[in-house]
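Commentary on secondary and tertiary structure
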Amino acid sequence: MACFLKCVPFNVTPTITDKPTSKEGSLAVSGVTRYSWDDVEALTSNFSRLIGSGGYSSIYMARLSSSAKAALKVHVSSHRLYKIFKLELDILLRLHHPNIVKLLGYFDDSEENGALLLEYLPQGNLQEKLHRNSKQVLPWRNRVAIALQLVQAIEHIHEKCIPQIVHGDIKSSNVLLDKNLNSKLCDFGSAKVGFSSMVQPSTMSPRSRHVTMVGSPGYTDPHYLRTGVASKKMDMYGFGVVVLELVSGKEAFSAGKGEMLAHVAAPLIQEILDHSSVDVAEDSVRGFLDPRLLRDSIDIIDEVKAMLSVAALCIGSPPSLRPSASRVAESLIQKIPSLSFLGCGKKRVI
Ligand SMILES: Nc1ncnc2c1ncn2[C@@H]1O[C@H](COP(=O)(O)OP(=O)(O)OP(=O)(O)O)[C@@H](O)[C@H]1O
């Protein structure tokens, strides 16, 4: 999760009622099992296989049976991080969507230790898939499918959940991939729940016009950085940057060059906003496209332009002009024929 958390106080109201199940030592809440620490140790074979780590957690392989795998996210033990664990737990208990990581169970000592048992996504996160595994090129049709599935997950939390949820940290390492490269949004530790559209961090003093957080480098909405006002539009900004990553194969922030992808793309984005993606020179588009996809570029150039025009609108200013997640989903389905391999045009999951 991003350092967003340092600025926004959480008001986590426990909403979970535990009900006993037949399994000894475990409790279940709406199909989600509550585990004891002994269960957790057994499921992970004493935390023997680390499969991922984030700023505030470690993720271990867990086995529910000889064939069924899961991922156990253990939050670092502390009172402050326990609140983040509770926030993520409360949100995941409410969320059921094919493109959002599924909660299977949890451990909670009600003080400062918590762990989430999640469905296991064997292809890891999108950031690694795009940038670290250079031998295996992610095909174009999977990239557009991932963009659509991600925006459908965002649409679900923004527009279908009551109260609505803002994720607060949309980035490629928070997009996990299943064995068929379907995407699942994870990491709700930075989320805001139940405000109408905007939230202002209370740590912003009237004298200070700047917020202390910087967010995940390359993904944070500059409007949020300037004003401290968080809204659904900041998720759309993060989504726009992920689309730029999918198209270009470049990282959102290059530490070596100290360069942000949104800045690198700015001239092309401006051209698209000033004219229309249809009129933008094909050479400029090819110049931005992931070189590993250039071989197929003749067939996909119109789709690349459609993806770029979505990214341009999502990272544009002012935030009020950015499209909603449902508008983006509709526009991708309309303009990208490759999505038909998913049957996306026919049936929408929201
Ligand atoms: N269900 C899962 N299946 C497989 N791998 C996972 C799963 N959940 C998390 N991971 C791996 O662990 C990484 C970190 O997970 P996550 O983002 O939830 O942790 P975090 O502490 O909130 O991280 P961050 O500092 O990025 O916010 C993911 O990018 C992914 O590589």
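Here the structure is a predicted model, which means the values were calculated and not measured. (Residues numbered from 1 in each chain as written. Predicted model: local features only at pLDDT ≥ 70, side-chain atom pairs only at ≥ 80, totals over all residues. Heavy atoms only, no water.)

1. Topic: the nonpolar core
Under the convention used in this document: As used here, the term nonpolar core means buried Ala, Val, Leu, Ile, Met, Phe, Trp, Tyr and Cys residues forming a set that is joined through side-chain atoms within 4.5 Å. The buried label goes to any residue with under 20% of its type's maximum accessible area, the exposed label to any with over 50%, and the partly exposed label to all in between, with areas taken from a 1.4 Å probe on protein chains only. Delimitation of the domains relies on an automatic or database domain assignment. Whether two residues are in contact is decided by their heavy atoms: any pair within 4.5 Å suffices.
Formed by 81 residues in total, the largest nonpolar core has its most connected members in Phe239, Met307 and Leu332. Of the residues that make up this core, three or more belong to each of domain 1 (33–119) and domain 2 (124–200 + 217–342). If we skip the residues at most four places from it in the chain, Phe239 touches Ala147, Leu150, Val151, Ile154, Ile170, Val310, Cys314, Val328 and Leu332. In terms of nonpolar packing, the next biggest core, distinct from the first, is built from 11 residues, Leu43, Tyr60, Val74 and Leu117 among them.

2. What to know about the pairing of strand β4 (residues 50–53)
For clarity, the threshold we go by: Pairing between two strands is assigned when DSSP locates at least 2 bridges connecting them. Only DSSP runs of H or I covering at least 4 residues are called helices, and only runs of E covering at least 2 are called strands; the numbering of each starts at the N terminus.
Note that β4 and strand β5 (residues 57–63) share 3 bridges and pair antiparallel. Residue pairing in the sheet places Gly52 in a bridge with Ile59 of β5. In sequence, β4 turns back onto β5 through a hairpin of 3 residues.

3. Details of the side chain of Asn174
Counting through the fold element by element, Asn174 comes out in the loop between β9 (165–166) and β10 (175–177). The class for Asn174 is buried, based on a relative accessible area of 4%. Sequence-distant contacts of Asn174, that is, excluding residues within four places in its chain, are made with His167, Asp169, Lys184, Leu185, Cys186 and Asp187.

4. Description of the UniProt feature "binding site: ATP" (unreviewed entry) in the chain
We count it as follows: UniProt positions are given in the numbering used here, feature names are shortened, and annotations may be inferred rather than shown by experiment. Whenever two N or O atoms come within 3.5 Å, that pair is a polar contact, provided that in protein one can donate a hydrogen and the other can accept it, and provided that, for residues adjacent in sequence, both atoms are side-chain atoms.
On the UniProt side, "binding site: ATP" (unreviewed entry) is annotated at positions that read Lys73 here. You can call Lys73 buried: its relative accessible area is 8%. Ignoring any residue separated from it by four or fewer positions in sequence, one finds Lys73 in contact with Ser57, Ser58, Ile59, Glu88, Gly114, Ala115, Leu116, Leu118 and Asp187. At 3.2 Å, the side chain of Lys73 and the side chain of Glu88 are in polar contact.

5. Thoughts on the pattern of salt bridges
Worth spelling out the cut-off: Within this document, salt bridges are pairs made up of a side-chain nitrogen of Lys or Arg and a carboxyl oxygen of Asp or Glu, the two lying within 4 Å of each other.
Under the defined criterion, the tally for this structure stands at 10 salt bridges. Here Glu128 and Arg132 are joined by a salt bridge, their closest N and O atoms 4.0 Å apart. Using a relative accessible area of 59% as the deciding quantity, one classes Arg132 as exposed. In this structure, Arg143 engages Asp290 in a salt bridge whose closest nitrogen and oxygen atoms are separated by 2.9 Å. Here the residue Arg143 occupies a position in helix α5 (residues 140–160), and Asp290 occupies one in the loop between α10 (282–288) and α11 (297–315), the gap between them amounting to 147 residues.

6. Comments concerning the domain arrangement of the chain
The line we're drawing: When two parts are brought into contact, each loses some accessible area as probed by a 1.4 Å sphere; the total of that loss over both is the buried area.
What the domain assignment lists for the chain is domain 1 (33–119) and domain 2 (124–200 + 217–342). Each of domain 1 and domain 2 has a C-alpha centre, and the two are 27 Å apart. Each side of the interface is counted separately: domain 1 has 15 residues, and domain 2 has 19 residues. Together domain 1 and domain 2 conceal approximately 1,400 Å² of surface at their shared face, both sides included; 62% is due to carbon and sulfur atoms. At the surface where domain 1 touches domain 2, the tally comes to 2 salt bridges. The shortest N-O distance in the salt bridge between Glu119 and Lys184 comes to 3.6 Å. Counting the contacts that link domain 1 with domain 2 gives 6 residue pairs in polar contact (both at pLDDT 80 or more). With 6 residues, the single largest contributor to the side of domain 1 that touches domain 2 is helix α3 (residues 79–94).

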